[in-house]
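# Structural description and commentary
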Amino acid sequence: MWKAAILILSVTSAVWSGVPLERQNLPSTPRQEVPVSGYRLPNNTIPLRYNVELTTHVHDHQSPNQFDFNGKVTIWLRVLEENVQNITLHYRQITVTHVKLTDATNTVLVNDDSSFTTDVTYEFLVILAPSILRIGDYSLELEYHGELRTDNGGFYRSSYADARGNTRWIATTQFEPTDARHAFPCYDEPGTRAPIGLKLTHGNAYHAISNMPIKSSLPWNATYTVTEFEDTLAMQTYLLAFVVSDFAFISNTENKQSVYANPVSISNGDLNFALEAGVKVISALEDYLQVKYSFPKLDQIGIPDFAAGAMENWGLVTYREEVLIYNSTKSPMGQLKRTASIIAHEYGHQFFGNLVSPKWWSYLWLNEGFATLMQYIAADKAYPDLRIQDMATVEALQNAFQSDALENTRPMNSYVETPTAISALFDDIAYDKSGSVLRQLQHAFGDTVFRAGLKYYLDAMQFQPATPADLAAALQRAVDDHQALPSTVNVSDIINSWADQSGYPVLHVRRNTDNVITLSQERYLLKRSKDAVKGTWYLPYNMATSQASDFSSTLPHDWLIDQTVELRPSAALNWTIDDWVIFNKQQTGYYRVNYDDKLWEQITHELHHGNHSSIHHLNRAQLIDDSLNLARSGHLKYDITLKLIQYLTKEEEYVPWASLNNGLAYLNRMLAGSSKYNLFKKYVWELVEPSFHKFGLENKPSDTHFAKLTRNILINWACQVGSEDCLTQTNSQLAEVVSNKTKDIDPNLKGVVYCNGLRNADRNTFQYVLDRMHRSQDPSDRMLLISALGCSENTALLEMYLATSLDETGDFGYRGQERSRVFSAVYVNGRVGLETAMKFLDANAATIDRLYNGGGFGGRAIGSAVTGMARRVVNKEQYDDFLAMNTRLESAGYLNAGELSTAKELSGENVQWTNTYFNVIESWLEANVKSGAVRFGTASMMTVTTVAALVAVLL
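Residues numbered from 1 in each chain as written. Predicted model: local features only at pLDDT ≥ 70, side-chain atom pairs only at ≥ 80, totals over all residues. Heavy atoms only, no water.

### What to know about the nonpolar core
- F445, F583, L667 and M869 are the most contacted members of the largest nonpolar core, which has 310 residues in total.
- Leave out the neighbours within four places in its chain, and M869 touches F823, Y827, L834, A837, M838, L841, F882 and M885. (Core = buried A, V, L, I, M, F, W, Y, C linked by side-chain atoms within 4.5 Å. Buried < 20%, exposed > 50% of the residue type's maximum accessible area, 1.4 Å probe, protein only. Contact = heavy atoms within 4.5 Å.)

Here it is as structure tokens:
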């Protein structure tokens, strides 16, 4: 599943391989490793097969039962133990009306409407047999009914507006992690597999699709059709998916892939790229893994209302509609990359998560970590010109470093039971950290060995649940085949050191006057604490030097297992006392690197006065991100950091700029209230000015993907620090639009132009943009405008904008997931936005919790928002107000203890930073930055106002 909240891939023939018949019909449910308690099924029975039959009336807008459904499930099951009298299943928000239990001799044991109990807390449906059930096979038939939900979970309803503006309803599903039980009673745990047969009865004007090809579709009467699907292979219940709609589709029949979406998007050609990417990506994955995709077809569908970004249902991948849409004339290049990457993530799950599943949610990282890794590998192979694999450094690894640097972060292996706790596991640790740790193994073992290990893993564990020990055994086999590790190191110990303990290390590099380098490791924390749990990791290290500046091989020189080790120059790897040294080539290791002051000085000298490109661009990004964060946490002097990043006046590569973008945003938030803020803006302007003028504001035909992304960063910072040149050129672009010389703003620049135009816009201009957003039926355009509206610095306008997110009349047309976007768009944009959002949340928590969770993932919309706001609290006054609000939210049940603790740690770290470093940076700026070079104040404010006025005319 693609994590939606974080918001932050050659057409070749794909050959589908089947599975031997004997494997298809065997369920796989090994006994659980941990004691059964609370929310876990007893697992003294297992399913052998499901037959699910559902009837929906979603097509009939005149029926009072339009959103009701009726169901019947037949489960062939096996009793595994003596003295079993009850059969325990999961259920959620459905009403069971009849139960029938039959043994292997066709003797009916139960056939009534009362031989069962339900537990709404644990979501158990317990079938009560009249006597002890012998070990053996049984048939259980259950009849029930329910309602299509409105919270984007389980079996739920969604809608879209057709070409005439009429609302069209569809019925769709989202079962991961614990919502299959809403569509049918089942064994809803990730380690339990069985084949599933499915039959859907629906309106004749609609059609049905599911994981497998259609077996038959026949009229039932004048109004309804019955569509039956071929049986799935043995799989987890959460991977089942089905959609009843009147959507259109496009297909690649040769490769057995199709893409479904509302007819308007299909007719516009907006889904063509998704189909192309799907074909390329599955081919790339099959080639890389040397394992064939298992199902006979692979469809994609864009759903208008969708909580997660995407979902890897086996054979039918579902997406939030905007994810699949790419229009070459209207969409920014970043959307093409995003679509390719998300498709690669979900297709990666077809192997990691579907073919091999985790034994329990404790090991979710075996799903999401591998899918994250595969999204970069497969998308890069499918679209090498986009250089997607380079982006893993800044998007995954450096992003994970932020949340994983908190004292209360969790380890990759984390045991949970409740549905809420399970949902909370879908976080940066499961995705970005785990993907980065697996990327570390890929480079530390070598890609050939790593791939061989993955094939051993997938072959040995296919159609079975796995644990990290199973992965370690497969990788160890490959390592042994190639003698890829020292005899003192084994794969199991390596994986355990990264998966079983929280956080990650910083590698300290010290060189003495005898030219001996000492390496040591300690846990890295943003807020250093004497009470923090210390750790030691199996840390692969390598290095480049002035004399050996080859960054191409990322194999380790050795492994740091103990706390320290000493290195001396050798014939294989030599350096002098005057050479720079860089550790962690291409930042493939999941750790930060901190050097002694002299080494930092030598690295800085090379970047400024030598050939900065002699250091790999990913390591330049590493140096920027590490130095900014090491200074933030007190490991490094800000004087060193602020001098080092001044080399960026020469930088033209995207990834270093992206690393700076993230770190600089933190300093910008923290210093916004400083009396020296103009000096800071001058400092930033001096960094970006050379490249800003070189890249300009207009895209060029020769631009690469990275060039366009770099231009966006440069424009954003130039306008943000008040460069009149930037704002004037933005003015000119809008003037051309107004005079009809161009149809619209370049899609790659649209977000920057609208955001800056709205920052100081009047009410009329703001209302124009708001109305345009509400009228738009293009989900990508809506997303851009929702974000841009949050850029306003007018409190009254932001209050009005936030209030629209609670509208229930339908006048504003918000999707469930869009409501929370409105809120985040406001609080991420500076002090005014944060404080306005805090007051709004405090006053409307109950309504926000109800409406935002209609589109949020895991039902924790407020918890997610509070964590996001915590990163933007910058002073003691805000901190006190924030904690008081959180206390009230916790008392009302909107925040749990973990969310409260994380928010307190994040906001507290910011306040501590202000107390410690605010004056330090002010003094440095005063001593090192000359004032007066950038024109701010009235001139730039007038330009912003002019831009806002032009936006109003345009709209």
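Structure shown, so let's carry the discussion forward.
### With respect to the sheet that holds strand β3 (residues 84-90)
- One open sheet holds the three strands; their spatial order is β3-β7-β6, and the pairing between them is antiparallel. Only two strands of the sheet have a single neighbouring strand rather than two, namely β3 and β6 (116-119). Adjacent strand axes in the sheet meet at a mean angle of 25° when their direction is disregarded.
- Pairing analysis gives six bridges linking β3 to strand β7 (residues 124-133), with the strands arranged antiparallel. Opposite V84, over in β7, you have L133 as the bridge partner. (Pairing = 2+ DSSP bridges. Helix = DSSP H or I, 4+ residues; strand = E, 2+ residues; numbered from the N terminus. Axes fitted to C-alpha atoms, helices over the stretch in contact; angles between N-to-C directions.)

### Quick word on the UniProt feature "site: Transition state stabilizer" (unreviewed entry) in the chain
- Under the present numbering, the feature "site: Transition state stabilizer" (unreviewed entry) in UniProt falls on Y431.
- Relative to the elements of secondary structure, Y431 occurs in helix α10 (residues 429-445).
- We classify Y431 as buried; its relative accessible area is 2%. (UniProt positions renumbered as here; feature names shortened; annotations may be inferred.)

### Side note on unusual backbone geometry
- In the segment running from E176 into P177, the intervening peptide bond is cis, with an omega of 5°.
- Not every positive phi belongs to a glycine, and R387 is a case in point at roughly 55°.
- The topology assignment puts R387 in the loop between α7 (365-382) and α8 (392-403).
- According to the relative accessible area criterion, R387 is partly exposed, its value standing at 27%.
- With phi around 70°, N515 is a residue other than glycine that occupies positive phi space.

### Observations regarding the packing of aromatic side chains
- Applying the stated criterion across every chain, the model contains 40 aromatic pairs.
- Arranged with centres 4.9 Å apart and planes meeting at 70°, the rings of F67 and W169 form a pair that is edge-to-face. Taken together, the residues span a long stretch of sequence, with F67 in the loop between β1 (45-56) and β2 (68-79) and W169 in strand β10 (residues 167-174) at a distance of 102 residues.
- The exposure class assigned to F67 is buried, which follows from its relative accessible area of 18%.
- Judged by its relative accessible area of 25%, W169 falls in the partly exposed class.
- Each ring, one from W498 and one from Y590, has its centre 6.1 Å from the other, and the planes form 70°; the classification is edge-to-face. On the criterion of sequence distance, the pair formed by W498 in helix α13 (residues 491-499) and Y590 in the loop between β29 (581-583) and β30 (592-595) is long-range, its members being 92 residues apart. The pair formed by W498 and Y590 is uniform in burial state, with each residue classed as buried.
- Positioned above the aromatic ring of Y456 is the side chain of R477, whose terminal nitrogen or guanidinium carbon lies 3.6 Å from the ring centre. (Phe/Tyr/Trp six-rings, centres within 6.5 Å; stacked < 30°, edge-to-face > 60°. Lys NZ or Arg CZ within 6 Å of the ring centre and 35° of its normal.)

### A short note on the sheet that holds strand β11 (residues 196-203)
- As summarised here, the arrangement of the eight strands in space is β5-β4-β8-β2-β1-β11-β14-β13, forming an open sheet in which the pairing is mixed. Where the open sheet ends on each side, the last strands, each with one partner, are β5 (108-112) and β13 (214-219). When strand polarity is set aside, the average angle formed by the axes of neighbouring strands in this sheet is 15°.

### Quick look at the pattern of salt bridges
- Taken as a whole and judged by the stated rule, the model has 40 salt bridges.
- Between E652 and K694 there is a salt bridge, with the nearest N and O atoms lying 3.7 Å from each other. Taken together, the residues E652 in the loop between α16 (638-644) and α17 (654-671) and K694 in helix α18 (residues 677-695) connect sequence positions 42 residues apart.
- Of the charged contacts, one joins E835 and R831 as a salt bridge, the two residues approaching to 3.3 Å between their closest N and O atoms. (Salt bridge = Lys/Arg side-chain N within 4 Å of Asp/Glu carboxyl O.)

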